[in-house]
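Listed below, chain by chain, are the residues.
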Amino acid sequence: FQLLGIALETAAREPFEKYIKSNILDPLDMRNSDFSLNEEQQTRLAVGYTYLEPDFQRYRAPDWDLSIIKYSGGLYSTPEDIARFVSFQFRDQSNNDQNILSGDGLRFMRTPQTMRSPESHDTYGIGWAIYEYEGHQVMGHGGGHWGFGTKVEVLPDLKLGVVTMTNCNYPQGYLGPNKDLTRIIIDKFLPILETKKAEPPFDPRNVEIQKYSGLYAVPGEYAHAEVQIKKDTLYFSLMEMPEFNVA
């Protein structure tokens, strides 16, 4: 990712941070994401901790300059902003965001570009690890450095995305807790979303509009209305001008 970032910077002929901000962060309204923090954002930065071998005791992580890894892990962000980025992944049927990435581009990013790993049974797209879970394609990416770890998993067909961000990391970049927590959340939502997806889509032609016709009253008898059917269409009309006591 460091090499790709340098290549992008060279091709765009502008600093990497400026390109990412103007082409991704700003269009997605990721206002709390940047490669540097202002004074107000500094006050909201979590304190990072790390577990060190061989005793695996927890220590406060050292403060260090993230600009040295800006191409691969130097972005500050929040769960809400990353959720906006995840939500963008579901717009692959629309080309309304051509200024960011087309629907074809989003689908290409999650198209396998490598052979399937015999150990993990996953493959890799463009920036996304790709694997199957409970019959669904999952796109995932995780990472971290001293003091912090992040894991993102996205199920495009269910429009489900899970983001976990922790202010603690483990030796050798181990993301086990983040991965476990992400999977727990997915398992909670899977049956709900699968049931909802199996439901037939709403068709207004199948609505029994007769049940909605009649007289209605606002609680307290402040106003009355009538709903009538005319040519298979519901019409709503107030029977008098309501008067409200605002004293």
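Located above this text is the structure these notes cover.
Parameters at a glance
Residues numbered from 1 in each chain as written. Predicted model: local features only at pLDDT ≥ 70, side-chain atom pairs only at ≥ 80, totals over all residues. Heavy atoms only, no water. Helix = DSSP H or I, 4+ residues; strand = E, 2+ residues; numbered from the N terminus. Rg over C-alpha atoms; globule rule 2.2 N^0.38 Å. Buried < 20%, exposed > 50% of the residue type's maximum accessible area, 1.4 Å probe, protein only. Areas by Shrake-Rupley, 256 points an atom, 1.4 Å probe, with all protein chains shown as cover. Lys, Arg positive; Asp, Glu negative; His and termini not counted. Charge placed at Lys NZ, Arg CZ, Asp CG, Glu CD. Patch = residues over 30% accessible without salt bridge, like charges linked within 9 Å, V, L, I, M, F, W, Y side chains within 5 Å. Salt bridge = Lys/Arg side-chain N within 4 Å of Asp/Glu carboxyl O. Pairing = 2+ DSSP bridges. Contact = heavy atoms within 4.5 Å. Axes fitted to C-alpha atoms, helices over the stretch in contact; angles between N-to-C directions. Parallel < 35°, antiparallel > 145°, perpendicular 65-115°, else oblique. Nonpolar A, V, L, I, M, F, W, Y, C, P; charged D, E, K, R; others polar.

Engineer: For this particular structure, what's the right way to read the overall build of the chain?
Structural biologist: For the chain, the helix and strand inventory stands at seven helices and 11 strands. Relative to the compact-globule value of 18 Å for 247 residues, the chain shows a C-alpha radius of gyration of 25 Å, a clear excess of over 25%. Taking the principal axes of its C-alpha atoms as reference, the chain extends roughly 75 × 50 × 45 Å. Per-residue burial for the chain yields a buried fraction of 28% across its 247 residues. A total of about 16,800 Å² of accessible surface is found on the chain, and carbon and sulfur atoms cover 56% of it. Computing the positive centroid from 24 side-chain charges and the negative centroid from 34, the chain places the two 3 Å apart.

Engineer: Help me understand a nonpolar patch on the surface in this model?
Structural biologist: A cluster of nonpolar side chains, contributed by L52, Y59, W64, I68 and W146, occupies part of the molecular surface with about 480 Å² of accessible area. Relative to the elements of secondary structure, W64 occurs in the loop between β2 (57–60) and α4 (70–73). Using a relative accessible area of 33% as the deciding quantity, one classes W64 as partly exposed.

Engineer: What is the right way to read the pattern of salt bridges from this model?
Structural biologist: Pairing is possible between side chains that carry opposite charge, provided their charged atoms lie close to one another. Scanning all chains against the criterion turns up 11 salt bridges. For the salt bridge of D26 with K21, the shortest nitrogen-to-oxygen distance reads 3.4 Å. Here K21 and D34 are joined by a salt bridge, their closest N and O atoms 3.9 Å apart. Of the two residues, K21 sits in helix α2 (residues 16–25) while D34 sits in the loop between α2 and α3 (39–43), which places them 13 residues apart along the sequence.

Engineer: Honestly, the sheet that holds strand β3 (residues 123–124) in this entry has me stumped. Any pointers?
Structural biologist: Hydrogen bonds between backbone groups are what pair the strands of a sheet, and the pairing can be parallel or antiparallel. Ordered in space as β3-β4-β5-β6-β7, the five strands form an open sheet in which the pairing is antiparallel. Edge positions in the sheet fall to β3 and β7 (160–166), since each has one partner strand and no second. In terms of strand pairing, strand β6 (residues 148–155) meets β7 through seven bridges, oriented antiparallel. Its bridge partner lying in β7, T150 is registered against M165. Along the sheet, helix α5 (residues 79–88) contacts β6 and β7; its crossing angle with β7, the most-contacted strand, is approximately 150°.

Engineer: Got a minute to help me understand the packing of helix α1 (residues 2–12) against α2 in this structure?
Structural biologist: Describing two packed helices takes the angle between their axes plus the distance from one axis to the other. It is at 9 Å that the axes of α1 and α2 come closest, and there the two elements cross at 80°. Taken as axis vectors, α1 and α2 run roughly perpendicular relative to one another. Residue-level contacts link G5, L8, E9 and A12 of α1 to F16, E17, Y19 and I20 of α2. Its residues assigned to classes, the contact of α1 with α2 comprises five nonpolar, one polar and two charged.

Engineer: Teacher, can you tell me more about the environment of I229 here?
Structural biologist: When you line up the elements, I229 lands in strand β10 (residues 224–230). Along the sequence, I229 and S213 sit 16 residues apart, while their C-alpha atoms lie 6.7 Å from each other. The residues contacting I229, other than those within four sequence positions of it, are I209, Q210, S213 and L234.

Engineer: In this structure, what is going on with the sheet that holds strand β1 (residues 49–52)? I would like to understand it.
Structural biologist: In space, the three strands of this open sheet follow the order β2-β1-β8, with mixed pairing throughout. Strands with a single pairing partner mark the edges of an open sheet, and in this sheet they are β2 and β8 (168–169). In this structure, β1 lies alongside β8, joined through two bridges in parallel fashion. Paired with Y49 across the two strands is C168, which belongs to β8.

Engineer: I'm lost on the pairing of β1 in this one. Help?
Structural biologist: Each regular strand carries side chains that alternate between the two faces of the sheet. Where β1 meets β2, four bridges bridge the pair, whose relative direction is antiparallel. When the sheet's bridge partners are listed, Y49 is paired in β2 with R60. Here β1 folds back onto β2 in antiparallel fashion, the turn holding four residues, of which F56 has a positive phi close to 55°.

Engineer: Before we go on, may I ask you to explain the pairing of strand β5 (residues 136–145) in this structure?
Structural biologist: The pairing of strand β4 (residues 129–133) with β5 spans five bridges and is classified as antiparallel. When the sheet's bridge partners are listed, Y131 is paired in β5 with V138. In textbook terms, the turn of a hairpin is the stretch between consecutive antiparallel strands, and for β4 and β5 this stretch comprises two residues, one of which, E134, has a positive phi near 55°. Relative to β6, β5 runs antiparallel, the two sharing seven bridges. The partner of H145 across the bridge, within β6, is F148. Counting the residues that bridge the hairpin from β5 to β6 gives two residues, and of these G147 lies at a positive phi of roughly 100°.

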